[in-house]
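# Examining the three-dimensional arrangement
One letter stands for each residue in the lines below.
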Amino acid sequence: MQKASATTPATDQLPRPRALSDVKGWFHPVDQVLFDWILGRQLDRAERGDLLELGVYLGKSAIFTGGYLRADETFTVCDLFDSPAPDQANSAEMGRSYATLTRRAFEANYRSFHEELPRIVQEPSSGITAHVAADSCRFVHIDASHLYEHVHADIAAAKEVLGPDGIVVLDDFRAEHCPGVAAATWGAVASTGLKPLCITATKFYGTWGAYDAIHADLAAFLKQRDDMWHAAEEVAGHPMIRISGKKARSPEQPVSRHAAEAPPERNQQPPSRARGLLSSLLARSGRS
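The paragraphs below set out a description of the structure included in this document. (Residues numbered from 1 in each chain as written. Predicted model: local features only at pLDDT ≥ 70, side-chain atom pairs only at ≥ 80, totals over all residues. Heavy atoms only, no water.)

### Here's the deal with the sheet that holds strand β2 (residues 75–78)
To keep it simple, the criterion reads: Strands pair, by our definition, only if DSSP identifies at least two bridges between them. Labels follow the DSSP assignment, with helices taken as runs of H or I lasting at least four residues and strands as runs of E lasting at least two, numbered in each case from the N terminus. Here, axes are lines fitted to C-alpha atoms. For helices the fit covers the stretch in contact, and angles between N-to-C directions go from 0 to 180 degrees.
Taken together, nine strands build an open sheet; the order of strands is β3-β2-β1-β4-β5-β7-β6-β9-β8 and the sheet is mixed. Each edge of the sheet is formed by a strand with only one pairing partner; in this case those strands are β3 (119–121) and β8 (229–235). Mean inter-strand twist for the sheet, computed between neighbouring axes without regard to direction, equals 20°. Bridge count for strand β6 (residues 195–199) against strand β7 (residues 203–207) is four bridges, and the pairing is antiparallel. Opposite Ile199, over in β7, you have Phe204 as the bridge partner.

Given below as structure tokens:
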């Protein structure tokens, strides 16, 4: 597929993913397993609440999360997409990492797997509490700016909009290029009562609500898996679970409306100059 422009891509350039793996982005199988377990557990326990994702890129994790939405719930996603960044530092970060990000590409990806789009807030995540009511969410995924001040504000917003036992997930909390995310995450653990439930190579999972029951259920679930190593470590007075999921098996995947389509054809002919050289070599060897 041709690279989309930073403005509005032509219709024939919009993505048509045949599977979730075709959607560009970073959402590892181990985190898919945990999203599936947490969101599925909430459905099984009839825990009510909306879903929220701050920072969606091209929609990989949003597409997955949207599959756990009840008919009477709202899934809100927030991203700048092509809007100007609110400050120079954020603008520089977007220029480095998301130069080809477009809202239309996100929407095309999402509609490939779901009939309806989520509610889209196209503005800085700092204003999300004006769109999402306090105590209304059961799950918040934060994967927006990597700058400390912005992540700190996103965590504060998550605390406000999450219901009593809601779960917050933070991406890139220990990546070497995202020290601001690490500082904001562990600062929240130290100062806001955020309880660390578990961590993977890229994501932190925690709650400001009831801890013991979900921790025990998660430990029991992981004990049954032969594809995910785990161990507990005391952190801020809680037995946080460390998970290594390099061999994790992906859960059931959302199905694309384009699943039956043939993959794009690739031109198997070598360039004309190479074809001429190849013909010459074959002629010399008597195999033309």
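### Some thoughts on the nonpolar core
Applicable threshold: Here the nonpolar core consists of buried residues drawn from Ala, Val, Leu, Ile, Met, Phe, Trp, Tyr and Cys, with membership extended through side-chain atoms lying within 4.5 Å. Each residue gets one of three labels from its accessible area relative to the maximum for its type: buried under 20%, exposed over 50%, partly exposed in between, using a 1.4 Å probe on protein chains only.
One finds Phe35, Phe106, Phe139, Cys198, Tyr205, Leu218 and Ile243 to be the most contacted residues of the largest nonpolar core, which totals 41 residues. Looking at this core, the elements with two or more residues in it are α1 (29–44), α2 (60–66), β2, α4 (103–111), β5 (162–171), β6, α7 (212–223) and β9 (238–244). Broken down by element, this core gets its largest block of residues, seven residues, from α1. Counting residues in hydrophobic clusters, the runner-up holds 30 residues, among them Val132, Ile142, Ala158 and Ala188.

### Concerning the side chain of Ser145
Stated formally: Think of a polar contact as two N or O atoms within 3.5 Å of one another; within protein, one of them needs to be a possible hydrogen donor and the other a possible acceptor, and neighboring residues in sequence only count if both atoms come from side chains.
In this structure, Ser145 sits in the loop between β4 (137–142) and α5 (148–161). Judged by its relative accessible area of 11%, Ser145 falls in the buried class. At a separation of 3.0 Å, a polar atom in the side chain of Ser145 contacts the main-chain amide nitrogen of Leu147.

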